[in-house]
Amino acid sequence: ADKIRDLPVEGGWSQSRQRGASTKATDAVEGEKARRCSQILVATSGVANELRDALSKAKADFGAMAEAMSLCEVTSAKKGDVGWLDGKDVVDDATEALLPLTARLELMGKPLKPGDVSVVQSHLGYHVIKIDDIMRDLSLVTKKRKNAIDKGITLEEACAGKTYAMVTMGCQMNAADSERLEGG
């Protein structure tokens, strides 16, 4: 799949997308800081693929399957929970025994979203990984407007008479958030 909208939509991912949002699958990975994952470690690729298919279609409970089938004693005791993983090319002793660096980098390179299930291989076996959550870098990036700068227009003058809408995607705002948006 070379576009996000071509990827599977299991796990509650909405098929609708906001106007102006990128549809490139590679852009789904950009801006990600970390992913919260759960895993089931198995010995063969056949079992891993069967588990992936069953879990992708929500035919099985991931936590129950991890407790029953995972070869990893640490994560099976926690219903498969691995915790937060990042895509840094650094060996982390805490996660190396659970998900080795090569498998972690392969996983972080895939354009996955919460609810997706993927399989990666390492020297430990086959890791059936479920993406529980994604942490993104939400730093504000602004572009300088050449025409406004050349004409010496201030931000207030450029925005005069224009209205903007902010989509919060279900998040609640409080008074402090509103004041920050107004510049107070």
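Residues numbered from 1 in each chain as written. Predicted model: local features only at pLDDT ≥ 70, side-chain atom pairs only at ≥ 80, totals over all residues. Heavy atoms only, no water.

A closer look at the side chain of His 127
Relative to the helices and strands, His 127 resides in strand β4 (residues 125-136). A polar side-chain atom of His 127 sits 2.6 Å from a polar atom in the side chain of Ser 122. Residue contacts for His 127: discarding those within four places in its chain leaves Gln 39, Ile 40, Leu 41, Leu 98, Leu 99, Pro 100, Ala 103, Ser 118, Val 119, Val 120, Gln 121 and Ser 122. (Helix = DSSP H or I, 4+ residues; strand = E, 2+ residues; numbered from the N terminus. Polar contact = N/O pair within 3.5 Å; in protein donor to acceptor, adjacent residues only side chain to side chain. Contact = heavy atoms within 4.5 Å.)

A word on helix α3 (residues 62-69)
Every buried residue of α3 is accounted for by Phe 62, Gly 63 and Ala 66. For α3, the angular spread of the buried residues around the axis is 100 degrees, confining them to a single face. Looking at the buried positions of α3, the neighbouring elements they touch are β1 (32-42), α2 (45-56), α4 (73-76) and β4. (Buried < 20%, exposed > 50% of the residue type's maximum accessible area, 1.4 Å probe, protein only. Arc of directions from axis to C-beta.)

Side note on the pairing of strand β2 (residues 81-85)
Within β2, four of the five residues are buried, which leaves it mostly tucked inside the rest of the structure. Bridge count between β1 and β2: four bridges; the pairing is antiparallel. Bridge assignment links Ser 38 to a residue of β2, and that residue is Asp 81. (Pairing = 2+ DSSP bridges.)

With respect to the sheet that holds strand β3 (residues 117-122)
Strand pairing in a sheet is mediated by backbone hydrogen bonds. Such pairs are either parallel or antiparallel. Here four strands make up an open sheet; going across it, the order is β2-β1-β4-β3 and the pairing antiparallel. Two strands bound the open sheet, and with one partner strand each, they are β2 and β3. Sheet twist, expressed as the mean angle between neighbouring strand axes with direction ignored, is 35 degrees. The sheet strands contacting α2 are β1, β3 and β4, and the helix crosses β3 at an angle near 160 degrees. Together, β1, β2, β3 and β4 form the strand contacts of helix α6 (residues 101-109), whose direction differs from that of β3 by roughly 150 degrees. (Axes fitted to C-alpha atoms, helices over the stretch in contact; angles between N-to-C directions.)

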